[in-house]
Amino acid sequence: YLRLLAGRIPARTAAPTLLIRAGEPLGAGDHAHGWPGWDVSDDQVEVAADHFALIEAAAGATADATERWLKT
C-alpha cells in the first residue's frame, strides 16, 4: 500500500480534521524518507509512538489526543 500512498494527492474536507502523527520511527534506519508530507488537516498532534503502536501499545495516548482535540 505504500506505493498507493506515495501517489495519492489528498484534498481538504469541509469537516474539521485532526492528523495524528507517529513521533517515533518504526525501526533502525527508518527516517520516513519518501513519505508524502501531507498538510491537509486543520490540526496535527504527535504521539510518542511508532506507526503501529498508535493503535496498539499507545492506543490510550492516541485516544487521549483525539479526545482533547474533540473538546476544543
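Because the structure is predicted, anything quoted here is derived from the model rather than measured. (Residues numbered from 1 in each chain as written. Predicted model: local features only at pLDDT ≥ 70, side-chain atom pairs only at ≥ 80, totals over all residues. Heavy atoms only, no water.)

Caption draft 1: The arrangement of the overall build of the protein chain in detail. Scanning the protein chain from N- to C-terminus turns up two helices and two strands. In sequence order, the protein chain lays out its α and β elements as α-β-β-α. Split into buried and exposed, the 72 residues of the protein chain put 14% on the buried side. Taking as baseline every contact in the protein chain between residues at least 6 positions apart, the subset at least 24 positions apart corresponds to 76%. For the protein chain, the accessible surface area stands at approximately 5,600 Å², while carbon and sulfur atoms represent 58% of it. (Helix = DSSP H or I, 4+ residues; strand = E, 2+ residues; numbered from the N terminus. Buried < 20%, exposed > 50% of the residue type's maximum accessible area, 1.4 Å probe, protein only. Contact = heavy atoms within 4.5 Å. Areas by Shrake-Rupley, 256 points an atom, 1.4 Å probe, with all protein chains shown as cover.)

Caption draft 2: Representation of the side chain of Ser-41 within the structure. Its place among the elements puts Ser-41 in the loop between β1 (18-22) and β2 (43-47). Discounting chain neighbours no more than four positions away, the residues touching Ser-41 are Arg-12, Thr-17, Leu-18 and Leu-19.

Caption draft 3: Main features of the environment of Ala-22. Tracing the sequence through the fold places Ala-22 in strand β1. If sequence neighbours within four positions are ignored, Ala-22 has contacts with Glu-46, Val-47, Ala-49, Asp-50, His-51 and Leu-54.

Caption draft 4: Representation of the pattern of salt bridges in the model. Taken as a whole and judged by the stated rule, the model has two salt bridges. With a closest N to O distance of 3.9 Å, Asp-42 and Arg-12 form a salt bridge. Of this pair, Asp-42 sits in the loop between β1 and β2 while Arg-12 sits in the loop between α1 (2-7) and β1; the two residues are 30 residues apart in sequence, bridging distant segments of the chain. Its relative accessible area of 45% is what places Asp-42 among the partly exposed residues. (Salt bridge = Lys/Arg side-chain N within 4 Å of Asp/Glu carboxyl O.)

Caption draft 5: Seen up close, the nonpolar core. Counting six residues, the largest nonpolar core is built from Val-47, Ala-49, Ala-53, Leu-54, Ala-58 and Ala-65. The contacts of Ala-65, once residues within four sequence positions are left out, are Leu-18, Val-45 and Val-47. (Core = buried A, V, L, I, M, F, W, Y, C linked by side-chain atoms within 4.5 Å.)

Caption draft 6: Examining the side chain of Thr-62 more closely. Structurally, Thr-62 is set in helix α2 (residues 59-71). Overall, the relative accessible area of 13% leaves Thr-62 in the buried class.

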